[in-house]
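# Overview (structure and organization)
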Amino acid sequence: MTKTDKTATKVVHVSSSHRAHQQLREQLLRSRFLPGQKINEVALAKELEISRTPLREALNRLVAEGLLMDRERGFSVPSLNPEVIFDLFEARVEIECATVRLACERAEESELEALSDFLAESMAESPDASVDRLIELDIRFHDTIAELSRNEVLRQLLTNINGRIHLIRWIAMEGRRDRTQSQHREILDHIRAGDTEAAIAVMRDHILHRNEDILAAIKAAYGHVYTRSSA
């Protein structure tokens, strides 16, 4: 095999692994796999039409992101452990409050104006918009705040946490559209006014953080995924 052939093989291998990672990540976020379910690598490799090596690399990346677990007998989907979920939401609250504080200090007015335009568009979204669409809009708002903080480490941490609690956020979003969007507007208004403490206070109240509410969302999430899997 020539040097060129080896390079081409490596590129295809990396591309296959990246593609598998993206596809599996999306499937995990959309709860295609049940909590605690073991991953069948043979079936998955066949479904994704890739070899076991790039698939294993993709699975290991998902383990590093906390979306899968690597046990002695193979990979599996994490269960919705209440203690872990509580910790993740607690971490999310602190990270989001930090990004709000930094955004108050560092965001340009033109950037805040663009975010305001986005909020106007999201509030005009159809009342029949799916929960998936509402989550997409919610994530974009919070990611933009993180971007305006100018701290990529905090932004990456937030992305990771949001992936790990995606299902719980999906459940919690149902019935909260108006409150969610009004609080987004409040947060932005306080940032534009330079009122850091008020912006942080609204953000802290905005994020699901009470243990009893999180526990209720976990129970609802289990009901959702198992009901859908048996349908």
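This part is about the overall build of the protein chain. Helices and strands together make up the secondary structure of the protein chain, namely eleven helices and two strands. Scanning the protein chain from its N terminus toward the C terminus, one meets helices and strands in the order α-α-α-β-β-α-α-α-α-α-α-α-α. For the protein chain, the spread of C-alpha atoms along the three principal axes comes to 60 × 45 × 35 Å. Burial status across the protein chain gives 44% buried among its 231 residues. Summing over all exposed atoms, the protein chain offers an accessible surface of approximately 12,600 Å²; the carbon and sulfur share of this is 50%. The centroid of the 32 positive side-chain charges in the protein chain is displaced by 8 Å from the centroid of its 38 negative side-chain charges.

Turning to the environment of Ile39, a few remarks are in order. Mapping Ile39 onto the fold places it in the loop between helix H1 (3-29) and helix H2 (41-48). Separated by 36 residues in the primary sequence, Ile39 and Phe75 have C-alpha atoms spaced 5.4 Å apart. Ignoring any residue separated from it by four or fewer positions in sequence, one finds Ile39 in contact with Phe33, Leu44, Leu59, Leu68, Phe75, Ser76 and Val77.

Evaluation of the coordinates by the stated rule reveals 18 salt bridges. With a closest N to O distance of 2.5 Å, Glu26 and Arg30 form a salt bridge. What makes Glu26 partly exposed here is its relative accessible area of 36%. Residue Arg155 pairs with Glu152 through a salt bridge whose shortest N-O separation is 3.3 Å. Linking Arg155 with Glu152, this pair stays in helix H7 (residues 152-164), spanning three residues, or about one helical turn. Glu152 gets classed as partly exposed once you look at its relative accessible area, which sits at 42%. Among the ionic contacts, a cluster of salt bridges with common partners joins Glu26, Arg30 and Asp132.

For Ala120, the position within the fold is in helix H5 (residues 109-123). In the structure, Ala120 is positioned 65 residues away from Arg185 in sequence and 9.0 Å away in space, judged by C-alpha atoms.

The residue Ser31 is not glycine, and still its phi comes out positive at about 60°. Mapped onto the elements, Ser31 comes out in the loop between H1 and H2. By relative accessible area, which is 9% here, Ser31 ends up buried.

What follows deals with H5. Three or four residues apart is the spacing at which side chains of an α-helix point the same way, because the helix has 3.6 residues per turn. Over its 15 residues, H5 runs 21 Å from end to end, which matches the ideal 21 Å to within 8%, given 1.5 Å per residue. Inspection of H5 places Leu112, Leu115, Ser116, Phe118, Leu119 and Ser122 among the buried residues, and these make up the whole buried set. For H5, the buried positions fall inside an angular range of 160° around the axis, keeping them on one side. For H5, exposure combined with an orientation more than 90 degrees from the buried face picks out Ser110 and Glu121. If you follow the buried residues of H5, they end up packed against helix H6 (131-148) and helix H9 (177-193).

Our next topic: empty space enclosed by the protein. Enumeration over the complete set of coordinates arrives at two cavities of 30 Å³ or more. If you go around the largest cavity, the residues you meet are Phe89, Arg92, Ile135, Asp138, Arg169, Ala172, Met173, Arg176, Thr180, His206, Ile207 and Leu208. Where the lining of the largest cavity is concerned, the elements lending two or more residues are helix H4 (82-106), H6 and helix H8 (166-173). At three residues, H8 tops the list of elements feeding residues into the lining of the largest cavity. Looking at the lining of the largest cavity residue by residue, the class counts come to six nonpolar, two polar and four charged. Size it by volume and the second largest cavity reaches roughly 80 Å³. Taken together, Phe118, Ser122, Leu134, Leu137, Asp138, Met173, Arg177, Thr180, Gln181 and His184 make up the full set of residues lining the second largest cavity. Elements with a minimum of two residues in the lining of the second largest cavity: H5, H6 and H9. Sort the elements by how many residues they give to the lining of the second largest cavity and H9 lands first, with four residues.

In this section: the layout of surface pockets. Its boundaries defined by the atoms lining it, the largest pocket holds a volume of some 530 Å³. Arg25, Glu26, Leu29, Ile139 and His166 are the residues nearest the centre of the largest pocket, which is lined by 22 residues in total. Contributions of two or more residues to the lining of the largest pocket are made by H1, H6, H7, H8 and helix H11 (211-230). Tallied by class, residues from the lining of the largest pocket come to six nonpolar, eight polar and eight charged. What the second largest pocket holds in volume is close to 410 Å³. Together, 23 residues line the second largest pocket, and Val77, Pro78, Ser79, Leu80 and Arg164 are the ones closest to its centre. Listed by contribution, the elements that provide at least two residues to the lining of the second largest pocket are H1, H4, H7 and H8. In the lining of the second largest pocket, the residues fall into 16 nonpolar, six polar and one charged.

Conventions we followed
- Residues numbered from 1 in each chain as written.
- Predicted model: local features only at pLDDT ≥ 70, side-chain atom pairs only at ≥ 80, totals over all residues.
- Heavy atoms only, no water.
- Helix = DSSP H or I, 4+ residues; strand = E, 2+ residues; numbered from the N terminus.
- Buried < 20%, exposed > 50% of the residue type's maximum accessible area, 1.4 Å probe, protein only.
- Areas by Shrake-Rupley, 256 points an atom, 1.4 Å probe, with all protein chains shown as cover.
- Lys, Arg positive; Asp, Glu negative; His and termini not counted.
- Charge placed at Lys NZ, Arg CZ, Asp CG, Glu CD.
- Contact = heavy atoms within 4.5 Å.
- Salt bridge = Lys/Arg side-chain N within 4 Å of Asp/Glu carboxyl O.
- Expected span 1.5 Å × (residues − 1).
- Arc of directions from axis to C-beta.
- 1 Å grid on protein atoms, 1.4 Å probe; cavity = no way out; pocket = protein on both sides within 12 Å on 5 of 7 lines; lining within 4 Å.
- Points joined across faces, edges and corners; volume = space filled by probe spheres on them.
- Nonpolar A, V, L, I, M, F, W, Y, C, P; charged D, E, K, R; others polar.

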